[in-house]
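# Remarks on the overall topology
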Amino acid sequence: MNSEHGHLNKSRQVSANPSPKVAEIAIRNAYDASEYACLERCLRELAGVTDVHLDPTRGVAHLSYDASQTSPEKIQSDVERLGYSCDCQPREGSPSHAGHPSVGAERETKHDTHAGPAADHDAHAGHGEAMARDLLRRFIVSLILSLPLFLFSHVGALLGLHLALPFGLSMPWFEFLLATPVVWWGGYPFISAAWRALRQGEVNMMTLIALGILVSYFYSLAATFLFEGEVFYEAAAMLTTFSLAGHWLEMRSRFATGRAVEALLQLAPATARVKRGGKEVEIPLEQVAVGDEIVVRPGDRVPVDGEVMSGSSYVDESMITGEPVPVAKTTGAEVVGGTVNQTGAFNFKATAVGADTALARIVQMVQNAQASKAPAQRLADTAGKYLVFVAIGSGLVAFLLWYFIGGAGFLFALTAAVSTVVIACPDALALATPTAITVGVGKGAREGVLFKNATALEATAAIDTVIFDKTGTLTAGKPALTDVIPVGMSENELLRFAASADQPSQHPLAEAIVAGARKRGVELVTPQEFDSIPGHGIQARVDGRRVHIGNARLMMREGVKLDNLEAKVSELAKDAKTAMYVAVDGRAAGVVAVADVIRESARQAIRFLHDAGVRTVMLTGDNRHTADSVARQLGMDTVIAEVLPEDKANEVKKLQAEA
């Protein structure tokens, strides 16, 4: 940090009774990822700032600060003095993630105090998208102005284009008029960033690009107005245009990665129904406290983690456990924020809120993964700091050799020096890595593959093992009717009895049977009687006939002889299918089975990977029996089942250690 900003290096001692706060800064004009390293160092030097967490994928920094020494307004003023346009807002600190705002606090914006989590992320993503649109606009205008420069230059002549200059202008004046707005308006992001880096005594990729642009432009300017010589306006304009294209691609890719977090944040509702003072009130999620009694109605998302106090229902927890079948919840059962309630209703006591919930921890892990940089890009950034001096040194050597040893005149030696600087300046370093990452990530996204960061993309060259989740990846992610085995009646008759009897049931397996019957065109009727038998199944009366659907215990209780059906149920179980016996008027009528069906595309993918010599592994939270069955049908090499989300990373590390 140079002396110009020495006034920012104040004492950072914390008072005896510190009151740590968190501020959130959205940076609006950091156009290159290489700027963030310097920016983070500068933020740490601000008076009163105790910690900094900067996420380049969103252009957002979280600062812990001592309220007795500074404030969000002072921090914003200091950051703007560094040359950055920003918006700094106070946030409520997370009790479990030091230096970060709590999940609830992030929703408190000055525009909408009831905004949901996705709305908050949209606010963050908004400035990034605006910056990307700004770069795209500058690129399009610069391209329009640069194309005539290219066509009227000696390059155009080499292509057989011999065009007359308009308005009787000379070539230097024509190129000057077109190149000047490209350099100063189109190239402003690079020039301003290079100036900020220079003020901090830093050299980065933006310095390299600005050097190449300005050396070409200022030499051409001198050759136009001060002496006669060859001009390089087209080089300055085209370098600006291509650099804008590369950085637009990089920024679009960088801010698009935040959409994964946005999708996760949308899993949590913006409000919760809480019982307070004997009344049910709807409050913003950030106001929910540990110990509150929360009401969950059919179809609601569970707002926070907690324990069921009363009522019962089935909850879809596939986002956490990977299990496709909703889980029964009764008094004493734990529920997880972000999961989806089905048809029942229950009340639960909040045990974890804000940044302490399972969903918030998952979001935090994703954001930490996104705040990364590819090894090749880190190498390019480091090399760029030194190669800029190499480029300048090369120009100086070229001038000295031509002027003192080659015997050339001053103008020729200066022309050679400028040409050498332009050629030696490694601008491709600033474009190659982000362009390659953008193409790779874009191709992966089109094929349904999401890379969590640039390092993961770079590591794909050495992949010898591919790890799959089961639910929703290898399988459809929800139960569906798969088998209908009738005894003494047709399949449609069996389905009519079973699905009609199951219509009042809230059980997800019953819903799968009903949906499967309707899909097959079976006409259903409303049962005259219905009763659920916990742990056994259901009984109903359809068209005046008694129907029982459930497990072997139910059939035994009702005295139904199963004959050969037990063997068929065992066969279905081997394929991870849940089979249910159906009895009509005390006689076995057949079996219906449901399962989380395997995707046909999964079979093709596994075959392709095996043909390529790649090992396939299933890593799932589902039970061992189901996982083994799916893996057997797909021909996968390894199965790792019953793994919790927080343990999956460790399993991946074990597999990496085996490689």
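Reading guide: rules and limits
Residues numbered from 1 in each chain as written. Predicted model: local features only at pLDDT ≥ 70, side-chain atom pairs only at ≥ 80, totals over all residues. Heavy atoms only, no water. Pairing = 2+ DSSP bridges. Helix = DSSP H or I, 4+ residues; strand = E, 2+ residues; numbered from the N terminus. Axes fitted to C-alpha atoms, helices over the stretch in contact; angles between N-to-C directions. Contact = heavy atoms within 4.5 Å. Parallel < 35°, antiparallel > 145°, perpendicular 65-115°, else oblique. Left-handed = near helix turned anticlockwise from the far one by under 90°. Nonpolar A, V, L, I, M, F, W, Y, C, P; charged D, E, K, R; others polar. Salt bridge = Lys/Arg side-chain N within 4 Å of Asp/Glu carboxyl O. Buried < 20%, exposed > 50% of the residue type's maximum accessible area, 1.4 Å probe, protein only. Polar contact = N/O pair within 3.5 Å; in protein donor to acceptor, adjacent residues only side chain to side chain. Phe/Tyr/Trp six-rings, centres within 6.5 Å; stacked < 30°, edge-to-face > 60°. Lys NZ or Arg CZ within 6 Å of the ring centre and 35° of its normal. Patch = residues over 30% accessible without salt bridge, like charges linked within 9 Å, V, L, I, M, F, W, Y side chains within 5 Å. Areas by Shrake-Rupley, 256 points an atom, 1.4 Å probe, with all protein chains shown as cover.

## Here we look at the sheet that holds strand β13 (residues 465–468)
Pairing is parallel across the open sheet formed by three strands, whose spatial order is β13-β20-β21. Unpaired on one side and paired on the other, β13 and β21 (638–640) mark the two borders of the sheet. Ignoring which end each strand starts from, the neighbouring axes of this sheet average 20° apart. Relative to β21, strand β20 (residues 615–619) runs parallel, the two being bridged by three bridges. Counterpart to Met618 in the pairing with β21 is Val639. Together, β20 and β21 form the strand contacts of helix α21 (residues 624–634), whose direction differs from that of β21 by roughly 160°.

## Notes on the sheet that holds strand β17 (residues 545–550)
Taken in spatial order, the six strands make up an open sheet running β14-β19-β18-β17-β16-β15, and their pairing is antiparallel. Every interior strand has two partners, whereas the edge strands, β14 (475–486) and β15 (529–533), have only one. On average, adjacent strands in this sheet sit at an angle of 20° to one another, irrespective of strand direction. With respect to the sheet, helix α17 (residues 508–519) is in contact with β14, β18 (578–584) and β19 (587–598), its orientation differing from that of β14 by roughly 70°.

## Some words on the packing of helix α6 (residues 188–199) against helix α7 (residues 205–225)
One way to put it is that α6 packs onto α7 with a least axis distance of 8 Å and a crossing angle of 120°. Accordingly, the angle class assigned to the pair α6 and α7 is oblique. The handedness of the crossing between α6 and α7 is left-handed. For the pair α6 and α7, contact is made by Pro189, Phe190, Ile191, Ala193, Ala194 and Ala197 and by Met206, Thr207, Ile209, Ala210, Ile213 and Leu214, respectively. When its residues are assigned to classes, the contact of α6 with α7 shows eleven nonpolar, one polar and no charged.

## Description of the pairing of β15
Alignment of β15 against strand β16 (residues 537–542), held across five bridges, turns out to be antiparallel. Pairing of Phe530 across the sheet is with Ala540, part of β16. Here β15 folds back onto β16, and the loop between the two strands holds three residues, one of which, Gly535, carries a positive phi near 80°.

## Some words on the pattern of salt bridges
Scanning the model with the defined rule gives 22 salt bridges in all. The shortest N-O distance in the salt bridge between Arg273 and Asp300 comes to 2.4 Å. Of this pair, Arg273 sits in strand β5 (residues 271–276) while Asp300 sits in the loop between β7 (293–296) and β8 (305–316); the two residues are 27 residues apart in sequence, bridging distant segments of the chain. Asp543 is the partner of Arg496 in a salt bridge, and the nearest nitrogen-oxygen pair spans 2.6 Å. With Arg496 in helix α16 (residues 491–502) and Asp543 in the loop between β16 and β17, this residue pair connects regions lying 47 residues apart in the sequence. Each of Lys74, Asp78 and Arg81 takes part in salt bridges that share partners, so that together they form one network.

## Things to note about the environment of Arg297
Here Arg297 shows up in the loop between β7 and β8. Accessibility expressed as a relative area gives 38% for Arg297, which makes it partly exposed. In the structure, Arg297 is positioned 16 residues away from Ser313 in sequence and 9.5 Å away in space, judged by C-alpha atoms. Residue contacts for Arg297: discarding those within four places in its chain leaves Arg273, Glu280, Asn341, Gly344 and Ala345. Here Glu280 takes part through its side chain, which lies 2.6 Å from a polar atom of the side chain of Arg297.

## Brief notes about the packing of aromatic side chains
With the rule as written, the count across this model stands at 13 aromatic pairs. Among the aromatic residues, those joined into a ring-pair cluster are Trp173, Phe176, Trp184, Tyr217, Phe218, Phe225 and Tyr233. Geometry around Tyr84 places Arg196 over its ring, the cationic atom sitting 4.5 Å from the centre.

## Considering the side chain of Thr224
Of note, Thr224 is situated in helix α7. In this structure the side chain of Thr224 is engaged in a polar contact, spanning 2.8 Å, whose partner is the side chain of Tyr233. With residues up to four places along the chain from it excluded, the contact list for Thr224 reads Pro172, Val231 and Tyr233.

## Re the packing of α16 against α17
Their axes nearest at 9 Å, the elements α16 and α17 cross at an angle of 130°. In terms of axis orientation, α16 runs oblique to α17. Crossing of α16 over α17 shows left-handed handedness. On α17, the residues that touch Leu495, Ala498, Ala499 and Asp502 of α16 are Ala510, Ile513, Val514 and Ala517. Here the residues of the contact of α16 with α17 are counted per class, giving seven nonpolar, no polar and one charged.

## Structural notes on the pairing of β7
Within a regular beta strand, the side chains point alternately toward one face of the sheet and then the other, so they alternate between its two faces. Relative to β7, β5 is paired through three bridges, and the arrangement is antiparallel. Its bridge partner lying in β7, Val274 is registered against Ile294.

## Some points on the environment of Leu249
With respect to the helices and strands, Leu249 occurs in helix α8 (residues 233–256). Leu249 sits 114 residues away from Leu135 along the chain, and the two C-alpha atoms are 9.3 Å apart.

## Some words on the side chain of Thr70
One can find Thr70 in the loop between β3 (60–66) and α2 (72–81). Every residue in contact with Thr70, bar those within four places of it in the chain, is listed here: Ala47, Gly48, Tyr65 and Ile75.

## Comments concerning the environment of Ala270
With respect to the element layout, Ala270 can be found in the loop between α9 (258–265) and β5. Under the relative-accessibility criterion, Ala270 is labelled partly exposed at 25%. For the pair Ala270 and Ile283, spaced 13 residues apart in the sequence, the C-alpha separation amounts to 8.7 Å.

## Remarks on a nonpolar patch on the surface
Taken together, the side chains of Leu396, Val397, Leu400, Leu401, Tyr403, Phe404, Ile405 and Phe410 make up a nonpolar region of the molecular surface, amounting to roughly 820 Å² of accessible area. Of all the elements, helix α12 (residues 375–405) adds the most residues to the nonpolar patch, at seven residues. Within the secondary structure layout, Val397 lies in helix α12.

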